Amino acid sequence: MKKEYNLSQIDEIAKAILAASKHKIIAFHGEMGVGKTTLIKVLAKQLGVNELTSSPTFSIVNEYHAPNAILYHFDCYRIENEEEAYDIGIEDYLYSDAWCFIEWPERIENLLPEEITKVTINKINEKLRSVHLKN
């Protein structure tokens, strides 16, 4: 799936990502400030999360509850090495059958299961983004 969108279309993009994803583990790639966290907030809302969502930059992982699902939102930007990921119990999260949305997945790439969905967001201009989903 490849699509372009602006902020007013982000709900539609989130629905398309959830419909196209074959896996509950979704790795989000994109440069700093491209809108990964913003998109993940909308995805969480689409899944039924009613609580306030935010970037887990300092905590590394936030847990959210939806009516029929648990969602873990990871921000791996501050992870220095794979040992730190092991220390937070990354494997328990990844193999929990919960939704796992991972920002900066390249920091833990060797720890990720083979079967994940990759979402890459690119900035076209200040208002327009492109998203590419690969299962």
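Residues numbered from 1 in each chain as written. Predicted model: local features only at pLDDT ≥ 70, side-chain atom pairs only at ≥ 80, totals over all residues. Heavy atoms only, no water.

Caption draft 1: Quick peek at the packing of aromatic side chains. Applying the stated criterion across every chain yields a total of five aromatic pairs. When the ring of tyrosine 72 is compared with that of tyrosine 93, the centres are 4.7 Å apart and the planes differ by 70 degrees; the resulting orientation is edge-to-face. Of this pair, tyrosine 72 sits in strand E4 (residues 69-75) while tyrosine 93 sits in helix H4 (residues 90-94), placing them 21 residues apart in sequence. Taking relative accessible area as the criterion, tyrosine 72 reaches 11% and is therefore assigned buried. Measuring from ring centre to ring centre gives 5.3 Å for phenylalanine 74 and tyrosine 93, while their planes differ by 85 degrees; the resulting arrangement is edge-to-face. In this pair, phenylalanine 74 is assigned in strand E4 and tyrosine 93 in helix H4, connecting sequence segments 19 residues apart. Phenylalanine 74 sits in the buried class, given a relative accessible area of 0%. Among the aromatic residues, ring-to-ring pairing joins Phe28, Trp99 and Phe101 into one connected group. The ring of tyrosine 77 has arginine 107 sitting right over it, with the charged end atom 5.0 Å from the ring centre. (Phe/Tyr/Trp six-rings, centres within 6.5 Å; stacked < 30°, edge-to-face > 60°. Helix = DSSP H or I, 4+ residues; strand = E, 2+ residues; numbered from the N terminus. Buried < 20%, exposed > 50% of the residue type's maximum accessible area, 1.4 Å probe, protein only. Lys NZ or Arg CZ within 6 Å of the ring centre and 35° of its normal.)

Caption draft 2: Geometry of helix H1 (residues 10-20). What H1 keeps buried is the set Ile10, Ile13, Ala14, Ala16, Ile17 and Leu18. Among the structural elements, strand E1 (2-6), strand E2 (25-29), helix H2 (36-46), strand E5 (99-103), strand E6 (117-123) and strand E7 (128-134) are those in contact with the buried residues of H1. (Contact = heavy atoms within 4.5 Å.)

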